[in-house]
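Here are the chains, one letter per residue:
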Amino acid sequence: MAKGRKNGLYNGVSEELSALMRTGWADTERHDLEPAEQAPFAAERRLALSALFPGERLIVPSGKLKYRSNDDTYPFRPYSGYVHMTGDQARDGALVLEPRADGGHDAYCYQLPRDSRDNDEFWIGYTAELWMGRRRSLAESATVLGLPCRDVRTITEDLAAGTGVPTRIVRGVDPALEAAVTTDEERDAELEGALSDLRLVKDAWELGEMRKAVDSTVRGFTDCVAELSRAIASSERWIEGTFFRRARLEGNHVGYGSICAAGDHATIMHWTDNDGPVRPGELLLLDAGVETHSLYTADVTRTLPISGTFTPVQRQVYDAVYEAQEAGMAAVKPGAPYRDFHEASQRHLTARLVEWGFIEGPVDRAYELGLQRRFTMAGTGHMLGLDVHDCAQARTEEYVDGVLEPGMVLTVEPGLYFQPDDLTVPEEWRGIGVRIEDDLVVTEEGHENLSAGLPRSSTEVEAWMARFAG
């Protein structure tokens, strides 16, 4: 008899119940599956990774469930490098590249197989299939992913058989798997960096997913404007819930915690409590992105006058940020240093802050000393893709010290934030926060603004709100 959990209503499982549960189930193996659209692209990515580490075994885990409390888990989100290399999103898995004598690798995707109906594993336990939902069989996964799949329960034994093979593993994703191999921390970090490097330039399939994410996000922003009156009657939570509905209907989830910041909350860079009032006469800073079913995310920000019209001071701040974004976007083109768009935007904002008397000039000196950062806070953008801050572990010389290439996707998001308790600015400026953020793909000719479906200038925003705001 199986042992029940503490404080469970059943003390165990009788032999008769166990026998009953094992019988009468249909064969649900699927034989109609085809390789996923992403499969050939993932295969090319694995070849690129293989070429970087000849003669070495590479292990890229997917990750484990994380428990929120007791038997309640957080939604599972696999390690992005694993998703990029396989197209798979299963938990408890791992991609293993085994070195061949010719310098290449054989790739295997280790996964949990389906729970057997010959014992009680399929219906007893928090993660059993009858509780969590049907998994693909190993044969089904092999067809969908286009690479051989093995039972992850044998991975430790399989890795032990290759003792002596130089091995690298991505750390911090699956501690149990890390413990099963002997590796070097510095060399493991190089593997993680390479996985980030390989995501800097998106392939054609990835760009299609980015377009889906941004297009859904544009619709989500319009939803929020249309329901603005209901947010005024309740709180920022109405905005958050409205956008979340669009994200879940058309994608997997939101790509990050939505920032629905009204009033002086707009001066808080990562305001995600979203529990404040939405008051006419103030601004609403909405920073949100839909994550597609394939886990690619958008990241867009608009700052809206809740009453539908900017006040003179709000417009002055907004127009300065808009002009700074225009300058930054103009610098996004192939062959340009990555830092150019950031510097173009920041220099423009520095000039405005000097002009307004909030920092001491001249402009070049103020920018060199970084004085504008009191009011601009953050950088002007970042790479975007499977993660909202994609490629974060890429080599510095390939990322912020690198040059832009066609296929790179990045955000351009200058902002100005005047804290409510900042005595260095006039009272009417305090509590105003403005950010405008768009998602750009670098093209052969320059760039394309994927989020151009949303208005950006102050007059366009007002006209948009007059048309849609409820």
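See the structure printed just above.
Residues numbered from 1 in each chain as written. Predicted model: local features only at pLDDT ≥ 70, side-chain atom pairs only at ≥ 80, totals over all residues. Heavy atoms only, no water.

Engineer: How do you make sense of the packing of aromatic side chains when you look at a structure like this?
Structural biologist: Geometry of an aromatic ring pair is reported as the spacing of the ring centres plus the angle between the planes. Evaluation of the coordinates by the stated rule reveals 13 aromatic pairs. Arranged with centres 4.9 Å apart and planes meeting at 90 degrees, the rings of phenylalanine 358 and tryptophan 429 form a pair that is edge-to-face. Of this pair, phenylalanine 358 sits in the loop between helix H13 (339-355) and helix H14 (363-369) while tryptophan 429 sits in the loop between strand S16 (415-417) and strand S17 (433-435), placing them 71 residues apart in sequence. Of the two residues, phenylalanine 358 and tryptophan 429, neither departs from the other in class, the shared state being buried. Consider the rings of phenylalanine 418 and tryptophan 429, whose centres lie 5.4 Å apart with planes at 80 degrees: the pair is edge-to-face. You can see phenylalanine 418 sitting in the loop between S16 and S17 and its partner tryptophan 429 sitting in the loop between S16 and S17, a full 11 residues away along the chain. (Phe/Tyr/Trp six-rings, centres within 6.5 Å; stacked < 30°, edge-to-face > 60°. Helix = DSSP H or I, 4+ residues; strand = E, 2+ residues; numbered from the N terminus. Buried < 20%, exposed > 50% of the residue type's maximum accessible area, 1.4 Å probe, protein only.)

Engineer: What exactly am I supposed to notice about the packing of helix H9 (residues 204-226) against helix H16 (residues 458-468) here?
Structural biologist: Think of two packed helices as two axes; the pair is described by the angle between the axes and how far apart they sit. Where H9 contacts H16, the axes come no closer than 9 Å and their chain directions differ by 65 degrees. With respect to each other, H9 and H16 are oriented roughly perpendicular. For the pair H9 and H16, the sense of crossing is right-handed. Contact residues: H9 offers Phe221, Thr222, Val225 and Ala226, while H16 offers Trp464, Met465 and Phe468. Each residue belonging to the contact of H9 with H16 can be placed in one class, and the counts come to six nonpolar, one polar and no charged. (Axes fitted to C-alpha atoms, helices over the stretch in contact; angles between N-to-C directions. Parallel < 35°, antiparallel > 145°, perpendicular 65-115°, else oblique. Left-handed = near helix turned anticlockwise from the far one by under 90°. Contact = heavy atoms within 4.5 Å. Nonpolar A, V, L, I, M, F, W, Y, C, P; charged D, E, K, R; others polar.)

Engineer: Which parts of the structure should I look at to understand the sheet that holds strand S6 (residues 94-99)?
Structural biologist: Two orientations exist for strands paired in a sheet by backbone hydrogen bonds: parallel and antiparallel. Ordered by their spatial adjacency, five strands build an open sheet running S8-S7-S6-S3-S9, and the pairing between neighbours is mixed. Each having just a single partner strand, strand S8 (149-151) and strand S9 (167-169) make up the two edges of the open sheet. Taken pair by pair, the neighbouring strands of this sheet meet at an average axis angle of 25 degrees, ignoring direction. In this structure, S6 lies alongside strand S7 (residues 105-111), joined through six bridges in antiparallel fashion. In the sheet register, leucine 95 faces S7, and the bridge partner there is cysteine 109. Where helix H2 (residues 39-52) meets the sheet, it contacts strand S3 (57-61), S6 and S7, and its direction lies at approximately 50 degrees from that of S6. Strands in contact with helix H8 (residues 185-197) are S3 and S9; relative to S9, the strand with the most contacts, it is inclined by about 60 degrees. (Pairing = 2+ DSSP bridges.)

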